[in-house]
Amino acid sequence: MNTRTYDPVPPRRIAFLGLGVMGHPMAGHLARAGHHVTVYNRTPAKAEAWVRTYGGSFAATPAAAAQGAEFVFCCVGNDDDLRAVVLGDAGALAGMTSGAILVDHTTASAAVARELQAEGGKRGIAFIDAPVSGGQAGAVNGVLTVMCGGDAAAFDMMKPVALAFAKAVTLLGGTGSGQLAKMVNQICIAGLVQGLAEAVRFGQNAGLDMAQVLDVIGKGAAQSWQMDNRGKTMVEGKFDFGFAVDWMRKDLGLVLDEARRNGSRLPVTALVDQFYADVQAQGGNRWDTSSLIKRL
C-alpha cells in the first residue's frame, strides 16, 4: 500500500468490517493515520494477516469488533453481505453503543441504506451510506471519492476520519443519497467505457496508431478519466487490473432496479449491461471493465 500524508486527527476507536481489495487498504490507511482499528473479515486468515501488517486487533464477529468503537466502517459485497455483518446477534449493531456511527462503503441499494438507518436509529446509532469511487488504485493510494447520505452532524464527525483514505468526502442529502449518487457515477462510466471501446476498435480497423491518436485527442474535448487511464491498456489488450466486470454488473443491476422504481429510462445503460454479460460469457468475469472492447 502506498504511503501518504495524513491530516492530524485525534485517534479514534474504529472497527472495520470487510477486508477485500478495497477494505484492506482503507482500513490500513486508518491504522497508519493513528487510529485504533479492530478488523473483522469473513475469512479470519485475512484479518490475521492485516493485523500482522498494520497492528491493531481482529475479532471473531462483527459485534465483537464493534464493541467500544466510536465508528464502524463496512465494505462488503452486496445488500445481503451488508445485512449479514450489521444485523442479528453477531452483527455490528449488537455490539455498538448509543452515539456511535455506522458508515457503509459498500455499493448497495438505497433501500438497504434506509433499512439500516432505521435499525440503527432504534439504538441511538447514526448511519451514513458512503459508497466510494476510485477503484482499487484509489483505495491503495488513499484518494477515494466518497459519496454520502445521512445525518449532517454524524457526517461532520465522520468526515475527518474518512479523509485518511479519501481525497473528497461529500454529503449529498439524506439516507440513500450516497448510494443514488454512486448509481449516477456508474451510469456515466458505462457509457464512457463503451464509447471508448468502439473508438479504439474503429481506429485499429482503420489502421491508425491508436496510442498516438489517444494521446492527441486526449488533449481535446474527448478527454476523460477513462481515456487517460484505460485507453492505452485497451489498445494493448490488458485487462488484469482495476474494477472487475462482475462488480460492474452487480452495480448496474442496482442502477436498473432503481430506474424501474423511479421511472427513469436508461437505454444505453441497459444495453451496456448486456454487453458486460457478453464479456462474462467470454470468461471475463474478473477482467477490468475496459474489457468491453473484447466483444468487438
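Here, every reference points to the structure presented above.
Note that this is a predicted model, so its numbers are computed, not measured.

## Focus: the overall build of the protein chain
For the protein chain, the count of helices and strands is 13 helices and 9 strands. The globule rule puts the C-alpha radius of gyration for 296 residues at 19 Å, and the 20 Å found for the protein chain is close to it. For the protein chain, the spread of C-alpha atoms along the principal axes amounts to about 65 × 45 × 35 Å. Taking all 296 residues of the protein chain together, the buried fraction comes to 47%. Counted over contacts in the protein chain with a minimum sequence separation of 6, partners at least 24 positions apart contribute 66%. As presented, the protein chain carries roughly 13100 Å² of accessible surface, and 53% of it is formed by carbon and sulfur atoms.

## Digging into the pairing of strand β4 (residues 71-74)
Burial along β4 is two-sided: Phe71 and Phe73 and Val72 and Cys74, pointing in opposite directions, are all buried. In terms of strand pairing, strand β1 (residues 13-17) meets β4 through 4 bridges, oriented parallel. Note that in β4 the partner of Ala15 across the bridge is Val72. Bridging between β4 and strand β5 (residues 101-104) involves 4 bridges; their strand directions are parallel. Considered in β5, the bridge of Val72 is made with Leu102.

## Here we look at the packing of helix α6 (residues 110-121) against helix α9 (residues 177-205)
Interaxial distance between α6 and α9 falls to 8 Å at its minimum, and their mutual angle equals 165°. By the angle between their directions, the pair α6 and α9 is classed as roughly antiparallel. Once α6 is placed against α9, the crossing between them reads as right-handed. Contacts between α6 and α9 involve Ala110, Ala113 and Arg114 from the first element and Gln179, Leu180 and Met183 from the second.

## Focus: the packing of helix α4 (residues 79-86) against α6
For the pair α4 and α6, interaxial distance at closest approach is 10 Å and the crossing angle is 15°. When the interaxial angle is binned, α4 and α6 end up roughly parallel. Taken as a pair, α4 and α6 cross one another with a handedness that is right-handed. Facing Asp79, Leu82, Arg83 and Val86 of α4, the residues of α6 in contact are Val112, Glu115 and Leu116. Considered class by class, the residues forming the contact of α4 with α6 number 4 nonpolar, no polar and 3 charged.

## Concerning the environment of Ala154
Position of Ala154 relative to the elements: it lies in helix α8 (residues 152-162). On a C-alpha basis, the gap between Ala154 and Val103 in space is 9.6 Å, while along the polypeptide they are 51 residues apart. Discounting residues that sit within four places of it in the chain, Ala154 has contacts with Ile101, Ala126 and Ile128.

## Section: the pattern of salt bridges
Inspection of the entire model under this criterion finds 14 salt bridges. Close ionic contact of Arg13 with Glu70 constitutes a salt bridge, the shortest N to O distance being 3.9 Å. Of this pair, Arg13 sits in strand β1 while Glu70 is found in the loop between α3 (62-66) and β4, placing the two residues 57 residues apart along the sequence. On the accessibility criterion, Glu70 (22% relative accessible area) is partly exposed. Among the ionic pairs, Arg261 bridges to Glu258, the shortest N-O distance being 3.1 Å. A residue pair is termed a helical-turn pair when its members lie 3 or 4 positions apart in one helix, as Arg261 and Glu258 do in helix α12 (residues 245-262) at 3 residues.

## Some thoughts on the state of the cysteines
Counted by the stated rule, this structure contains 0 disulfides. Looking at Cys75, it has no disulfide partner, and the nearest cysteine sulfur is the one in Cys74, 8.8 Å off. Owing to a relative accessible area of 13%, Cys75 belongs among the buried residues under this scheme. Note on Cys188: no disulfide assigned, nearest cysteine sulfur contributed by Cys148 at a separation of 18 Å. Owing to a relative accessible area of 46%, Cys188 belongs among the partly exposed residues under this scheme.

## Topic: the packing of aromatic side chains
As enumerated under the stated definition, the model contains 6 aromatic pairs in all. An angle of 15° between the planes, with centres 6.1 Å apart, marks the rings of Phe16 and Phe73 as stacked. Here the residue Phe16 occupies a position in strand β1, and Phe73 occupies one in strand β4, the gap between them amounting to 57 residues. Accessibility expressed as a relative area gives 0% for Phe16, which makes it buried. Summarising the aromatic geometry, the rings of Phe239 and Trp287 are spaced 6.2 Å apart at their centres and angled 40° between planes, so their arrangement reads as tilted.

Cut-offs used in this document
Residue numbers run consecutively from 1 along every chain, following the written order of its sequence. Per-residue local features are limited, in this predicted model, to residues with pLDDT of at least 70; the limit for side-chain atom pairs, both in listing and counting, is 80 or more; totals at the level of whole chains, interfaces and linings are taken over all residues. Where side-chain values are given, they derive from all heavy atoms of the structure, hydrogens and water being excluded. Each helix corresponds to a stretch of at least 4 residues labelled H or I by DSSP, and each strand to a stretch of at least 2 residues labelled E; elements are numbered beginning at the N terminus. A radius of gyration in this sense is built from C-alpha atoms; the matching globule rule multiplies 2.2 Å by the number of residues raised to 0.38. Think of it in three bands: residues with accessible area under 20% of the maximum for their type are buried, residues over 50% are exposed, and the middle band is partly exposed, with areas taken using a 1.4 Å probe on protein chains only. Two residues form a contact once any of their heavy atoms are found within 4.5 Å. Only the protein chains shown count as cover for residues, with accessible areas throughout obtained via the Shrake-Rupley method and a probe of 1.4 Å. A pair of strands is treated as paired once DSSP finds two or more bridges between them. Lines fitted to C-alpha atoms define the axes here, with helix axes fitted over just the stretch in contact, and angles between the N-to-C directions of these axes take values from 0 to 180 degrees. Angular relationships are summarised with four words: roughly parallel below 35 degrees, roughly antiparallel beyond 145, roughly perpendicular across 65 to 115, and oblique for the angles in between. Handedness of each helix crossing follows the sense of rotation of the near helix against the far helix: counterclockwise by less than a right angle gives left-handed, clockwise gives right-handed. Residue type decides the class: Asp, Glu, Lys and Arg count as charged, Ala, Val, Leu, Ile, Met, Phe, Trp, Tyr, Cys and Pro as nonpolar, and the leftover types, Gly among them, as polar. Here, a salt bridge means any side-chain nitrogen of Lys or Arg that lies within 4 Å of a carboxyl oxygen of Asp or Glu. We call a pair of cysteine sulfur atoms a disulfide whenever their separation is within 2.5 Å. Between rings of Phe, Tyr and Trp, where Trp is taken as its six-membered ring, a pair exists when centres lie within 6.5 Å; planes separated by under 30 degrees are stacked, by over 60 edge-to-face, and by other angles tilted.

In short, the description is geometric, and any link to function would need to be established separately.
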